[in-house]
Amino acid sequence: MMAECDFYMTLFDDFIKTRNDENDKILWKMYKILDLMKATNEKDPNGFMENGLRMIMLLFNKFEIGSCDLGSHDLLETLPDKKEELILILKEEFT
């Protein structure tokens, strides 16, 4: 059986790939419900199936993908001078 954490990670990653396209989102929802049914069984004492279905429906009905979800930069791969600049900006913002 698939680990719950792995399911949620792929759920969100695949949702991002729809890029807010309504047709892709509908297909995503149907495939993820099928994936959830395959990953769980009728004896689900932890509520994985119920929680997974809630997450699918929440993303499908309420969540809009923003530009920060579509592209990001890994801080570990950033040049040292850019890291210092970013750290200063973050310190100013959050202190």
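Described in the following lines is the structure provided in the data block. Just so it is clear, the model here is predicted, and its values are computed rather than measured.

1. Notes on the packing of aromatic side chains
A ring pair, where both rings are aromatic, is described by two values, the distance of the centres and the angle of the planes. Applying the stated rule across the entire model yields four aromatic pairs. Measuring from centroid to centroid gives 5.9 Å for phenylalanine 7 and tyrosine 8, while their planes differ by 65°, and the two rings are edge-to-face. Its relative accessible area of 1% is what places phenylalanine 7 among the buried residues. Taken together, the ring pairs connect Phe7, Tyr8 and Phe48 into an aromatic cluster. If you follow lysine 29 out to its NZ or CZ, it ends over the ring of phenylalanine 60, 4.2 Å from the centre.

2. Considerations on the packing of helix α2 (residues 22–39) against helix α3 (residues 48–62)
Axis separation between α2 and α3 bottoms out at 10 Å; the angle between their running directions is 175°. As far as their axial angle goes, α3 and α2 are roughly antiparallel. Counted together, Lys25, Ile26, Trp28, Lys29, Lys32, Ile33, Leu36 and Ala39 of α2 and Phe48, Met49, Gly52, Leu53, Ile56, Met57, Leu59 and Phe60 of α3 form the full contact between these two elements.

3. Quick look at a nonpolar patch on the surface
A grouping of Leu27, Tyr31, Leu34 and Met37 is seen on the molecular surface, where their side chains present a nonpolar patch of about 440 Å² in accessible area. You can see leucine 34 is positioned in helix α2. You can call leucine 34 partly exposed: its relative accessible area is 44%.

4. Some words on unusual backbone geometry
We note that arginine 19 has phi near 50°; this positive angle belongs to a residue other than glycine. Considering the arrangement of structural elements, one finds arginine 19 in the loop between α1 (4–17) and α2. Looking at arginine 19, the relative accessible area reads 55%, which means it is exposed. With a phi angle near 65°, asparagine 20 is a residue other than glycine that sits in the positive phi range. Residue placement: asparagine 20 occurs in the loop between α1 and α2.

Parameters and conventions
- Residues numbered from 1 in each chain as written.
- Predicted model: local features only at pLDDT ≥ 70, side-chain atom pairs only at ≥ 80, totals over all residues.
- Heavy atoms only, no water.
- Phe/Tyr/Trp six-rings, centres within 6.5 Å; stacked < 30°, edge-to-face > 60°.
- Buried < 20%, exposed > 50% of the residue type's maximum accessible area, 1.4 Å probe, protein only.
- Lys NZ or Arg CZ within 6 Å of the ring centre and 35° of its normal.
- Axes fitted to C-alpha atoms, helices over the stretch in contact; angles between N-to-C directions.
- Helix = DSSP H or I, 4+ residues; strand = E, 2+ residues; numbered from the N terminus.
- Parallel < 35°, antiparallel > 145°, perpendicular 65-115°, else oblique.
- Contact = heavy atoms within 4.5 Å.
- Patch = residues over 30% accessible without salt bridge, like charges linked within 9 Å, V, L, I, M, F, W, Y side chains within 5 Å.
- Areas by Shrake-Rupley, 256 points an atom, 1.4 Å probe, with all protein chains shown as cover.
- Salt bridge = Lys/Arg side-chain N within 4 Å of Asp/Glu carboxyl O.

Interpretation note: all reported values are geometric properties and have no functional meaning in isolation.
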